[in-house]
Amino acid sequence: MKIFRLAIILPFLFLSFSGPAFSGTAKPQIKDFNFEAGMSKVDITGPPTGIMFWGYAQEGQKGEGIHLRQFARALVIKDPKTGKVLAYVTAELGGVPHEVQRDVVARLKKEVDPNFNLANVLQNASHTHSAPAGFFHYIQNSIYTTKFFPEYYSVIVNGIFQAIKEAYSKKEAAQLLIGSASVEGAGVNRSLVAYQANPKEERDRYNSDTDKTMIQISVNTRRGVIGIVNWFGVHTTSMTFDNHLVSTDNKGYASYLSESEAAKRGQKDFIAIFAQANEGDVTPNLNLNNTGPGKDMFESTKIIGERQYLASSKILNDDKLRALPSGLNYTQSFIDMPNSIVRKEFSETGKDEKTCLSAYGYALAAGSTEEGGGHWLFHEGMKDEDRKFYIDWLAARLLQAPTDELRVCQKPKAILFPMGETKPDPSLSQILPLGLATIGDFALIVSPNEVTTMSSRRMKETVKKVLGPKIKEIALSGLTNDFAGYITTKEEYSTQQYEGGHTLHGPFSLDLFRQEYDRLAKDLLQNKASNPGPFPKDLSATVVGTDIPLREKTSSFEPKIKTPNESIVKIGESVSCEVSSVNPNISYPKQRSYFDVEKKEGDKWITAYTDSDWATKFYYKKSFLPLFDDKIRLVWETDKNDAPGVYRLKHSSFYINKEGKEVPFYIDCPEFELK
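Residues numbered from 1 in each chain as written. Predicted model: local features only at pLDDT ≥ 70, side-chain atom pairs only at ≥ 80, totals over all residues. Heavy atoms only, no water.

> Go over the overall build of the protein chain with me, naming the residues and quoting the values.
Helix and strand counts for the protein chain come out as 14 helices and 33 strands. At 25 Å, the protein chain has a C-alpha radius of gyration in line with the 26 Å of a compact globule built from 675 residues. With the C-alpha coordinates of the protein chain rotated into their principal frame, the extents come out at 80 × 70 × 45 Å. Residues classed as buried in the protein chain amount to 63% of the 675 residues present. (Helix = DSSP H or I, 4+ residues; strand = E, 2+ residues; numbered from the N terminus. Rg over C-alpha atoms; globule rule 2.2 N^0.38 Å. Buried < 20%, exposed > 50% of the residue type's maximum accessible area, 1.4 Å probe, protein only.)

Right, dumping it as structure tokens:
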């Protein structure tokens, strides 16, 4: 989350790309295939309209159409020698709550393979801030939305499950080729005040205040490379809080571009997973004022996505990639954050320390200044001594006041809301999953948090120290298997920038993580089962569901063209057509595409683009008067790669008649010539 407007819970405060081909043809001599692997993707797009987006915590930022559809992309790996399996998924969501992982794993164990479990099904979120919220169980005092939409939740769970199931069924003999590259110009440190609080001797060991390295695994089979998964940390906030179209942002575009380039070569089943990593203090808005590098948010999204794609392409086409040796291993523990002791060897204070019940700080309400800021009453750097009596009084009335014990534990944070102290249940889960996986000599740290650059470096050092020469590369998979705010170093926490205000469990959170990753790494080294820890409370029986909004029945409907497109369009121009329609949510989730661009081939119309393509957008506008139809504006942005010819724009959906039956309809806009 980047921005906290308080409009939800403090109302009284007033609240032309050209790059190398992504060919995958350059690869080393194949000696053997020591793994089995398969990949797949499934659509998990949320309701297009009327639901608050997850991430910026602005109640007014609700969907009004689609820019890029959301997908879950999955890789399943099996070690034929041991029979062990590992599933890795990146879902184009703001976060993946534990409940989704729990429900997906239960189905996988029952319907696919009993060897699947919570330790070997890793569900990463791309962290887009332009997709609907409403799929978390902890909603009573949520800053994202206090609504839970069971139908949307089911779409997510079913989609992730199907993606893993399909990838599992597609397994074939494979090599896993690993490489890395520097990603230039795709992110800058948005929290330099905090980063520079880290010891100078530590900072001097690195040549950058962000981690520019992308680590990538290419899945190579006898048919060639069938897909990739890479880890690189940058926020998916190129699409700003002014956006109202469902979008998967820069990482979604990187995946889309990779797969589109592969499709041009005939690889229509190529899967490109651009996973989220240590993005905690890394913004794609290079101007550090919620803008850049493009002229608008769409161009910025494209540029940052392209730069990730270019690094990925460079790795894929490297003829010196190394094949990972055999072996799969993994482990996980649930950590009771407020009831854990940080031993002095990890606390670095000379004594044992404690983590705290979770709390939001004043600095969280300030938002990240570089990404648009938050509520005007707050600013980054506000500490306990900067508390305001009127804010504390209002916050206590809206939720409750923190105990003195929590204030002391969380210092120097100025506590706004004591999320871990609410009754009968905490407003956020206090039990978090930490994991570790190894594929050959590659290690993956699994964290549910947004991890800052230096925090990630310290985690990796901890794991490397234990595993030693058994690993050659290491990456961090952030925002995985749950969402639990940020992780900062003690030094960063002490500055109480936005990231420190959203580090939920106090200044020793990272140190506890390092202690637990040390334990998990030792368990892996000894091939020993880890202590599973306490299981999170199941809230599914108590969470109250809400119907998807704006699904009013329409007893009759006559589709009409309101504003037709031009009859002649030049390549490189945009073409649009406005039509009368009904709210897209009525046909959700059955409608697979609301908007198609069709090209005339002889006497047939062939689909050239759908609403999942970068070149298309559709905007929904509800009529304020009951006698007038709602409108949808279809927009296609042509470019130099589009062939001249005759095209048309098409809108499809259905309405509900007075008998309650679904009545499909479509509207063909006038055909036009692209020249």
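After that view, the rundown keeps rolling.
> Please set out the packing of aromatic side chains residue by residue, giving values where relevant.
When we look at a pair of aromatic rings, we describe it by the centre distance and by the angle of the planes. The final tally for this structure, using the stated rule, is 24 aromatic pairs. Taking the centre distance of 6.3 Å and the plane angle of 75° together, the rings of tyrosine 144 and phenylalanine 483 count as edge-to-face. Placement of tyrosine 144 in the loop between strand S6 (121-125) and helix H2 (150-169) and of phenylalanine 483 in the loop between strand S22 (473-477) and strand S23 (486-487) is noted, with a sequence separation of 339 residues between them. The same class applies to tyrosine 144 as to phenylalanine 483, namely buried. Ring geometry for tyrosine 253 against tryptophan 614: centres 4.4 Å apart, planes inclined by 50°, an arrangement best described as tilted. Note that tyrosine 253 is positioned in helix H5 (residues 249-264) and tryptophan 614 in the loop between strand S28 (604-609) and strand S29 (616-621), a separation of 361 residues in sequence. Summarising the burial analysis for this pair, tyrosine 253 and tryptophan 614 share the class buried. Within the aromatic cluster, the residues linked to one another by ring pairs are Trp54, Phe135, Phe136, Tyr144, Tyr152 and Phe483. Over the face of the ring belonging to phenylalanine 161 we find arginine 107, whose NZ or CZ atom lies 3.9 Å from the ring centre. (Phe/Tyr/Trp six-rings, centres within 6.5 Å; stacked < 30°, edge-to-face > 60°. Lys NZ or Arg CZ within 6 Å of the ring centre and 35° of its normal.)

> How would you summarise the pattern of salt bridges if you had to cite specific residues and measurements?
Throughout the structure, instances matching the rule amount to 44 salt bridges. Residue aspartate 538 pairs with arginine 102 through a salt bridge whose shortest N-O separation is 3.1 Å. Highlighted residues: aspartate 538 in the loop between helix H14 (509-525) and strand S24 (561-563) and arginine 102 in helix H1 (residues 98-111), separated in sequence by 436 residues. For aspartate 538, a relative accessible area of 44% translates into the label partly exposed. Notably, a salt bridge pairs lysine 528 with aspartate 523, separated by 4.0 Å at the nearest N-O pair. (Salt bridge = Lys/Arg side-chain N within 4 Å of Asp/Glu carboxyl O.)

> Please provide a residue-by-residue account of the state of the cysteines, values included.
A covalent bond bridging the sulfur atoms of two cysteines is what the word disulfide describes. Counted according to the given criterion, the structure contains 2 disulfides. With its bonded cysteines labelled in order along the sequence, the protein chain shows the pairing 1-2, 3-4. (Disulfide = S-S within 2.5 Å.)

> Which residues make up the sheet that holds strand S30 (residues 630-637), and what values go with them?
Pairing within the open sheet is antiparallel, and its 6 strands lie in the order S2-S3-S29-S30-S26-S24. Only two strands of the sheet have a single neighbouring strand rather than two, namely strand S2 (49-52) and S24. Strand-to-strand, the axes of this sheet are offset by a mean angle of 35°, without reference to chain direction. The sheet contact formed by S29 and S30 spans 6 bridges and is antiparallel. In the sheet register, lysine 617 faces S30, and the bridge partner there is valine 635. (Pairing = 2+ DSSP bridges. Axes fitted to C-alpha atoms, helices over the stretch in contact; angles between N-to-C directions.)

> Which residues make up the packing of H1 against H2, and what values do they have?
Each pair of packed helices can be summarised by the angle the axes make with each other and by the distance between the axes. With their axes 9 Å apart at the nearest point, H1 and H2 run at an angle of 45° to one another. Viewed along their axes, H1 and H2 adopt a mutual orientation that is oblique. Viewed along their axes, H1 and H2 form a crossing whose handedness is right-handed. Contact with H1, carried on its side by Glu99, Val100, Arg102, Asp103, Val104, Arg107, Leu108 and Glu111, involves Tyr153, Ile156, Val157, Asn158, Ile160, Phe161, Gln162, Ile164 and Lys165 of H2 and no other residues of that element. When its residues are assigned to classes, the contact of H1 with H2 shows 9 nonpolar, 2 polar and 6 charged. (Parallel < 35°, antiparallel > 145°, perpendicular 65-115°, else oblique. Left-handed = near helix turned anticlockwise from the far one by under 90°. Contact = heavy atoms within 4.5 Å. Nonpolar A, V, L, I, M, F, W, Y, C, P; charged D, E, K, R; others polar.)

> So, the nonpolar core: which residues are in play, and what are the values?
Among the nonpolar cores identified, the biggest contains 96 residues, and Phe116, Ile160, Ile164, Phe378, Trp636 and Leu649 are the most heavily contacted of them. Counting residues per element, this core draws most heavily on H2, at 11 residues. Membership of the second largest hydrophobic core comes to 31 residues, among which are Leu86, Ile215, Ile273 and Ala475. (Core = buried A, V, L, I, M, F, W, Y, C linked by side-chain atoms within 4.5 Å.)

> How would you explain the packing of helix H11 (residues 453-467) against H14 if you had to name every residue and give the values?
At a minimum axis distance of 9 Å, the contact between H11 and H14 shows a crossing angle of 30°. Between H11 and H14, the interaxial angle falls into the category roughly parallel. Of the two possible hands of crossing, H11 and H14 adopt the one that is right-handed. Contacts between H11 and H14 involve Ser455, Arg458, Met459, Thr462, Val463, Val466 and Leu467 from the first element and Leu510, Phe513, Arg514, Tyr517, Asp518, Ala521, Lys522 and Leu525 from the second. Counted by class, the contact of H11 with H14 contains 9 nonpolar, 2 polar and 4 charged residues.

> Run through the side chain of serine 447, naming residues and quoting values.
Looking at the secondary structure, you find serine 447 in the loop between strand S20 (442-446) and strand S21 (450-451). We classify serine 447 as buried; its relative accessible area is 0%. With sequence-adjacent residues up to four places away left out, serine 447 is seen in contact with Ser477, Gly478, Leu479, Thr480, Phe513 and Tyr517.

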